[in-house]
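Results of the structural survey
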Amino acid sequence: MSQQPNHLVERMREFETSIFAEMTGLAMSTGSINLGQGFPDYDGPQAVLDAAAEAIRGGHNQYPPSVGILPLREAIAAHEKKYYDLDYDPSSEIVVTTGATEGLAAALLALTETGDEVIVFEPYFDVYAAGIGLSGARRVAVTLHRDGTDPSGWSLDPAELEAAVTPRTKLILLNSPHNPTGKVFTREELQAVADVAIRHDLIVLSDEVYEHLVFDGLTHTPIATHPGMHARTIKLSSAGKTFSVTGWKVGWACAPKPLASAVLGVKQHLSFASGHPFQVALAKGLAGDLDETRRQLQAQRDVLCDGLAVLGYDVIRPQATYFTVVDVKSDALEFARALPARAGVVTIPMLSFYDSSVGDTFVRFAFCKRPDVLQQAVDRLRDAK
Ligand code: PMP
Ligand code: GLN
């Protein structure tokens, strides 16, 4: 039989199959509990859902402006001021995107090109690698080390970050709270990143989609609040995460005008604009209580982490996000591919979050699921032991 031609451009071939698509496919074909892809199995706040339905019925169904509707940009500006004392001008410094994913792609395409280098912290969300690949830039990974002495369980070595910088480095892609480790970078760590960025005149693309999903009384600090950082930082958020509506695919980028304009310059040619009725709903939602989801999620984290620990898994209790990492002490890809048939549970092997082989034995479990579903997953894992 003749081979099918592969039309995909060379630079995207290494990203051809996403591990999320493979594992969610496995979950569906085996009827497993999907603790792989990070999406909640519950809905967001009723008032926000109602507002979207009302917006559809109210005729907000045509293209909104590329940059996003003004009431949402005003609500985002008020949110940044209220939570972080950050000032962004809604007329020129906020761009609504089709999920944070588009914000990432637009920023990477707008700011980097062939020959540039982008620093990422591994393990990294796999979309970063694809976005950097699309722009033609090269990613340079700095490893977060698994470290039992660090309160987050993972540590950053500032000397390794400094050593990763070359004359071609253009941008640092920071993610705190961090997927997949659940680490919240400390002020000292953020200052270390800021020092490197300022010393080498780098832009920081700061993915803060889990900004409201932080546990145990910890607080999220945007790196843009550090001295000298506002001018060089693009801060990304996701309504999907903040309101448990991942299917809405609305996010936003906040940055000083020159950076925001660059992001918009590309975004307008990717999606042109993002879901109009959702923007109307989110403008209302941002003024509401953003803490409820966090409280529920912390309890869900405890159900899963306590359950896994009792089963003897080497699990680190995450400080934030939807995820916990487990070291299965064997080939993680084999483990993850076998688990659905063996236990009826799906997880994500972390190989595609690493350039190095450090993550070969790590899998990621998502706990953004109802407590009874998480308990059922733990029971299934126990029965399969
Ligand atoms: N950044 C991180 C760290 C993520 O985990 C995700 C996954 N949702 C995204 C960005 C993408 O967010 P969105 O769904 O809003 O595109
Ligand atoms: N951010 C989610 C996760 O990490 C979804 C990823 C995706 O499907 N692209 O699981």
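The model shown is predicted, which means the values in this text are computed figures rather than measured ones.

To continue, consider the site of ligand 1. As a structural note, the neighbourhood of ligand 1 is formed by 13 residues, with Thr-101, Asp-207, Tyr-210, Lys-241 and Lys-249 the closest of them. Between an oxygen atom of ligand 1 and a side-chain N or O atom of Ser-238, the distance comes to 2.7 Å. Side-chain polar atom of Lys-249 to an oxygen atom of ligand 1: 2.7 Å apart, as the coordinates give it. Relative to its unbound accessible area of 390 Å², ligand 1 is 93% covered by the protein chains. Here the element with the most residues in the shell around ligand 1 is helix H4 (residues 99–111); it accounts for 3 residues.

Here the focus is the sheet that holds strand E4 (residues 138–143). In a beta sheet, neighbouring strands are held together by backbone hydrogen bonds and run either parallel or antiparallel to one another. Sheet architecture is open: 7 strands sit in the order E2-E10-E9-E8-E7-E3-E4, paired in mixed fashion. Two strands in the sheet have a free side with no partner beyond their single neighbour: strand E2 (94–97) and E4. Ignoring which end each strand starts from, the neighbouring axes of this sheet average 20° apart. Here helix H7 (residues 187–199) sits on the sheet and contacts strand E3 (117–122), strand E7 (169–175) and strand E8 (203–207); the angle it forms with E7, its principal contact strand, is near 165°.

This part takes up the pattern of salt bridges. If you walk through the whole model with that rule in mind, you get 30 salt bridges. Between Arg-139 and Asp-355 there is a salt bridge, with its nearest N and O atoms 2.9 Å apart. Here the residue Arg-139 occupies a position in strand E4, and Asp-355 occupies one in the loop between strand E14 (348–349) and strand E15 (362–366), the gap between them amounting to 216 residues. Three or more residues joined by partner-sharing salt bridges are found here, namely Asp-216, Arg-301, Asp-302, Asp-306 and Arg-317.

On to the environment of Ala-262, then. Along the chain, Ala-262 falls in helix H9 (residues 257–270). The exposure class assigned to Ala-262 is partly exposed, which follows from its relative accessible area of 24%. In the structure, Ala-262 is positioned 60 residues away from Leu-202 in sequence and 15 Å away in space, judged by C-alpha atoms. Discounting chain neighbours no more than four positions away, the residues touching Ala-262 are Ala-110 and Leu-111.

The immediate surroundings of ligand 2 are formed by Phe-20, Gln-37, Gly-38, Phe-125, Asn-179, Lys-241, Phe-323 and Arg-364. Within the side chain of Gln-37, an N or O atom sits 2.6 Å from an oxygen atom of ligand 2. Coverage of ligand 2 by the protein chains reaches 80% of its 300 Å² of free accessible surface. Of the residues belonging to the shell around ligand 2, the class tally is 3 nonpolar, 3 polar and 2 charged.

Turning to the sheet that holds strand E12 (residues 323–327), a few remarks are in order. If you trace the 4 strands from one edge of the open sheet to the other, you get E11-E12-E15-E14, paired in antiparallel fashion. Across the chains shown, the open sheet's two edge strands, defined by having one partner strand only, are strand E11 (314–315) and E14. Inspection of the sheet shows E14 paired to E15 by 2 bridges, in the antiparallel sense. Directly across from Ile-348, in E15, lies its bridge partner Arg-364.

This part is about the packing of helix H1 (residues 19–30) against helix H12 (residues 332–343). The interhelical angle for the contact between H1 and H12, taken along N-to-C directions, is 25°, at an axis separation of 9 Å. Our classification of the angle between H1 and H12 gives roughly parallel. Residue-level inspection shows Ile-19, Glu-22, Met-23, Leu-26 and Thr-30 of H1 in contact with H12, the latter providing Leu-333, Ala-336, Arg-337 and Pro-340. Looking at side-chain class alone, the contact of H1 with H12 contains 6 nonpolar, 1 polar and 2 charged residues.

Counting across every chain of the model gives 13 aromatic pairs. Relative to Phe-272, the ring of Tyr-63 lies with its centre 5.7 Å away and its plane at 80°, an arrangement referred to as edge-to-face. Here Phe-272 lies in the loop between H9 and helix H10 (276–285) and Tyr-63 lies in the loop between helix H2 (46–57) and helix H3 (70–84), a separation of 209 residues in the sequence. On the accessibility criterion, Tyr-63 (73% relative accessible area) is exposed. Taking relative accessible area as the criterion, Phe-272 reaches 38% and is therefore assigned partly exposed. Centre to centre, the rings of Phe-215 and Phe-367 are 6.2 Å apart; their planes meet at 50°, and the pair counts as tilted. Taken together, the residues span a long stretch of sequence, with Phe-215 in the loop between E8 and strand E9 (233–238) and Phe-367 in the loop between E15 and helix H13 (371–383) at a distance of 152 residues. Since its relative accessible area comes to 0%, Phe-215 is described here as buried. When its relative accessible area of 0% is taken as the criterion, Phe-367 is described as buried. What links up through ring pairs into an aromatic cluster is the set Phe-20, Phe-125, Tyr-128 and Phe-353. A cation over an aromatic ring shows up here: Lys-183 above the ring of Phe-185, its NZ or CZ 5.5 Å from the ring centre. Sitting over the ring of Phe-39, Lys-369 keeps its end group 3.7 Å from the ring centre.

Thresholds applied
Residues numbered from 1 in each chain as written. Chains lettered and ligands numbered in written order. Predicted model: local features only at pLDDT ≥ 70, side-chain atom pairs only at ≥ 80, totals over all residues. Heavy atoms only, no water. Near = heavy atom within 4 Å. Polar contact = N/O pair within 3.5 Å; in protein donor to acceptor, adjacent residues only side chain to side chain. Areas by Shrake-Rupley, 256 points an atom, 1.4 Å probe, with all protein chains shown as cover. Helix = DSSP H or I, 4+ residues; strand = E, 2+ residues; numbered from the N terminus. Pairing = 2+ DSSP bridges. Axes fitted to C-alpha atoms, helices over the stretch in contact; angles between N-to-C directions. Contact = heavy atoms within 4.5 Å. Salt bridge = Lys/Arg side-chain N within 4 Å of Asp/Glu carboxyl O. Buried < 20%, exposed > 50% of the residue type's maximum accessible area, 1.4 Å probe, protein only. Nonpolar A, V, L, I, M, F, W, Y, C, P; charged D, E, K, R; others polar. Parallel < 35°, antiparallel > 145°, perpendicular 65-115°, else oblique. Phe/Tyr/Trp six-rings, centres within 6.5 Å; stacked < 30°, edge-to-face > 60°. Lys NZ or Arg CZ within 6 Å of the ring centre and 35° of its normal.

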